[in-house]
Amino acid sequence: MPARKSKRLSHVDASGKARMVDVSGKIAGARRAVAQAVVRMNHEAFDQIVRRKARKGDVLAVANVAGIQAAKRTWEWIPLCHSLNLTHVLIEFFPDRLRRSIRVEATCEAADRTGVEMEALVAASTAALTIYDMAKAVDRAMVIGELCLLEKSGGRSGIYRRSSPRGKGRRRA
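It should be emphasised that the depicted structure is a prediction, and the values quoted were computed from it without experimental measurement.

Cut-offs applied
Residues numbered from 1 in each chain as written. Predicted model: local features only at pLDDT ≥ 70, side-chain atom pairs only at ≥ 80, totals over all residues. Heavy atoms only, no water. Salt bridge = Lys/Arg side-chain N within 4 Å of Asp/Glu carboxyl O. Buried < 20%, exposed > 50% of the residue type's maximum accessible area, 1.4 Å probe, protein only. Helix = DSSP H or I, 4+ residues; strand = E, 2+ residues; numbered from the N terminus. Core = buried A, V, L, I, M, F, W, Y, C linked by side-chain atoms within 4.5 Å. Contact = heavy atoms within 4.5 Å. Axes fitted to C-alpha atoms, helices over the stretch in contact; angles between N-to-C directions. Left-handed = near helix turned anticlockwise from the far one by under 90°. Nonpolar A, V, L, I, M, F, W, Y, C, P; charged D, E, K, R; others polar. Pairing = 2+ DSSP bridges. Arc of directions from axis to C-beta. Polar contact = N/O pair within 3.5 Å; in protein donor to acceptor, adjacent residues only side chain to side chain.

**Some thoughts on the pattern of salt bridges**
Note on pairing: side chains with opposite charge can pair once their charged atoms come close.
Consideration 1: Counting across every chain of the model gives nine salt bridges.
Consideration 2: The partner of Glu105 in a salt bridge is Arg103, and the shortest N-O contact between them spans 2.8 Å.
Consideration 3: Three or more residues are tied together by salt bridges with common partners; here these are Arg32, Glu109 and Glu151.

Next up, the structure:
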C-alpha cells in the first residue's frame, strides 16, 4: 500500500505555533463558497416566521442583513482570516414545514487571493443565530445544526462539493 501524503495544517508553523498564512505570492482569482445552517423550531415559531408575523418584526429580513454583515466582518471574528474584498453575498432561506425547520444558505464570492469558505460559514451561522434571537420568545428550545460547507470553487485546491444532498426542496421564503 503506497504511503499517504499527509496534509499539513496551513495555520500552524513547523513548531506548532499559530500563524496567518502568507498569501502575497498567490494570484487573485474568482472564489466562491456556499454554506448552510438549519434551524429547527416548534410549529408556532415556524408559522410566525414564515408568515412574517413575529412580534419582533420580519425575522428573515433581519437575518438576511445579519448574514451579509457577518460575511463582511469575518476577518474581525476569526483570528487568522484575511480581510477580503467580497464582491457578492447572498443569503437564502428554505423553510420545511414538515420538519419545522428553516435551512439558511449563504453564498459568498470574491476576486481575491484566498477562499471565502469562512465568510460563507460565518454568514450562515449568524443568520441562523439571528432567527433564534428574534423567535426565542416563542421557542427557546430551537436547535441550530448542520452547519457545513456545501461547495467551494477557486484557488489551488479546486472545486469541492459536499457529497450528501442539500435537503429536500429548494423553495425559498
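**With respect to unusual backbone geometry**
Consideration 1: Positive phi, normally seen in glycine, also occurs at Arg52, with a value near 60°.
Consideration 2: Here Arg52 falls in the partly exposed class, since its relative accessible area comes to 38%.
Consideration 3: Positive phi, normally seen in glycine, also occurs at Glu146, with a value near 55°.
Consideration 4: Within the element layout of this structure, Glu146 appears in strand S4 (residues 143-153).

**Comments concerning the nonpolar core**
Consideration 1: Of all hydrophobic cores here, the largest spans 35 residues; its most connected members are Met41, Ile49, Ile91, Phe93, Ile102 and Ile131.
Consideration 2: Elements with a contribution of two residues or more to this core: strand S1 (29-40), helix H1 (43-50), helix H2 (59-72), strand S2 (86-96), strand S3 (101-112) and helix H4 (117-135).
Consideration 3: When near neighbours in sequence (up to four residues on either side) are disregarded, Ile131 contacts Val39, Met41, Ile49, Val59, Leu60, Ala63, Phe93, Ile102, Val104 and Met142.

**Some thoughts on the packing of H2 against H4**
Consideration 1: For the pair H2 and H4, the least separation of the axes is 7 Å and the interaxial angle reads 150°. For the pair H2 and H4, the sense of crossing is right-handed. Across from Val59, Leu60, Val62, Ala63, Ala66, Gly67, Ala70 and Ala71 in H2, the residues of H4 making contact are Glu119, Val122, Ala123, Thr126, Ala127, Thr130, Ile131 and Met134.
Consideration 2: Tallied by class, residues from the contact of H2 with H4 come to twelve nonpolar, three polar and one charged.

**A word on the sheet that holds S2**
Consideration 1: Spatial ordering of the open sheet is given by S2-S3-S1-S4-S5, a layout of five strands whose pairing is antiparallel. Each end of this open sheet is capped by a strand with a single partner; those strands are S2 and strand S5 (160-161).
Consideration 2: Of the strand pairs in this sheet, S2 and S3 are connected by ten bridges, and their pairing is antiparallel. Looking at S3, one finds that Asp96 is bridged to Ser101.

**Considering H1**
Consideration 1: By the burial criterion, the buried members of H1 are Ala45, Phe46, Gln48 and Ile49. In a view along the axis of H1, the buried residues occupy a sector of 165°, so they form one face of it.
Consideration 2: Looking at the buried residues of H1, the elements they touch are H2, S2, S3 and H4.
Consideration 3: Two or three places before Glu44, at the start of H1, stands the capping residue Asn42, its side-chain oxygen 3.2 Å from that residue's backbone nitrogen.
Consideration 4: Looking one or two residues beyond H1, the residue adopting positive phi is Arg52, at roughly 60°.

**Remarks on the side chain of Thr130**
Consideration 1: Secondary-structure assignment places Thr130 in helix H4.
Consideration 2: Judged by its relative accessible area of 14%, Thr130 is buried.
Consideration 3: In contact with Thr130, other than residues within four places in its own chain, are Val62, Ala63 and Ala66.

Without other data, these values stay purely geometric and don't point to any function.
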